[in-house]
Amino acid sequence: INNTPAPPVPTLDPARIAQGATLYTQFCAACHGANLEGAADWKKSLPDGSLPPPPQDSSGHTWHHPDSLLVSIISEGGDPVYNSKMPAFGGQLSAKEVEAILDFIKDSWGKDEREYQWWLTVTQGNP
């Protein structure tokens, strides 16, 4: 990892967080949990080799990825690298709605997770 500095972490807009919470409940909570807790034993492969839905809070790994990858996974579906069966939501959600869901998720992360994820987003590209 290089030592590229990142600009300050942007403040999350409360209205977008609220919109994201509503959309998360509608599109994400059935698999990722109403409280972003993910599936039980989310690190253990299922019989078909796929991985269960991970938590979206700080206990998961979502914050280990830049926005560009998160937007891609939500819009285009599961990432084969992680052997995910997540469906694509690009046909149901606009880019702004995807961003609102991500803001809702980011709002649950701790300061260190937010700063690390923002650094990744800035240094590895953003859609």
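Residues numbered from 1 in each chain as written. Predicted model: local features only at pLDDT ≥ 70, side-chain atom pairs only at ≥ 80, totals over all residues. Heavy atoms only, no water.

(A) How the structure looks around the side chain of Arg 114. Tracing the chain through its elements places Arg 114 in helix H5 (residues 111-124). Put simply, Arg 114 is tucked away with no salt bridge, and the nearest opposite charge, on Asp 103, sits 6.2 Å away. One polar contact links the side chain of Arg 114 to the main-chain carbonyl oxygen of Pro 10, over a distance of 2.7 Å. Those residues in contact with Arg 114, other than ones at most four positions away along the chain, are Val 9, Pro 10, Leu 12, Lys 106 and Trp 109. (Helix = DSSP H or I, 4+ residues; strand = E, 2+ residues; numbered from the N terminus. Buried < 20%, exposed > 50% of the residue type's maximum accessible area, 1.4 Å probe, protein only. Lys, Arg positive; Asp, Glu negative; His and termini not counted. Salt bridge = Lys/Arg side-chain N within 4 Å of Asp/Glu carboxyl O. Polar contact = N/O pair within 3.5 Å; in protein donor to acceptor, adjacent residues only side chain to side chain. Contact = heavy atoms within 4.5 Å.)

(B) Looking closely at unusual backbone geometry. Phi at Leu 36 is positive, roughly 65°, even though this residue is not glycine. Its place among the elements puts Leu 36 in the loop between helix H2 (29-32) and helix H3 (67-76). By relative accessible area, Leu 36 is classed as buried at 8%. Backbone geometry at Asp 41 places phi at a positive 50°, although glycine is not the residue there. Locating Asp 41 in the fold gives a position in the loop between H2 and H3. Note on Asp 41: relative accessible area 58%, which makes it exposed.

(C) Focus on the packing of helix H1 (residues 14-27) against helix H4 (residues 95-106). Look at H1 against H4: their axes get within 7 Å of each other, and the N-to-C directions meet at 100°. With respect to H4, the axis of H1 lies roughly perpendicular. Across from Arg 16, Ile 17, Gln 19, Gly 20, Ala 21, Leu 23 and Tyr 24 in H1, the residues of H4 making contact are Glu 97, Glu 99, Ala 100, Ile 101, Asp 103, Phe 104 and Ile 105. Here the contact of H1 with H4 is built from residues that sort into eight nonpolar, two polar and four charged. (Axes fitted to C-alpha atoms, helices over the stretch in contact; angles between N-to-C directions. Parallel < 35°, antiparallel > 145°, perpendicular 65-115°, else oblique. Nonpolar A, V, L, I, M, F, W, Y, C, P; charged D, E, K, R; others polar.)

(D) Quick peek at the packing of aromatic side chains. According to the stated counting rule, one finds four aromatic pairs in the structure shown. Centroid distance Phe 27 to Phe 89: 6.0 Å. Interplanar angle 80°. Geometry classified as edge-to-face. One end of the pair, Phe 27, is in helix H1; the other, Phe 89, is in the loop between H3 and H4, with 62 residues separating them in the sequence. By relative accessible area, which is 18% here, Phe 27 ends up buried. Centre to centre, the rings of Trp 63 and Tyr 116 are 5.8 Å apart; their planes meet at 80°, and the pair counts as edge-to-face. One end of the pair, Trp 63, is in the loop between H2 and H3; the other, Tyr 116, is in helix H5, and 53 residues separate them in sequence. Classification of Trp 63 as buried rests on a relative accessible area of 17%. Within the aromatic cluster, the residues linked to one another by ring pairs are Trp 63, Tyr 116 and Trp 119. (Phe/Tyr/Trp six-rings, centres within 6.5 Å; stacked < 30°, edge-to-face > 60°.)

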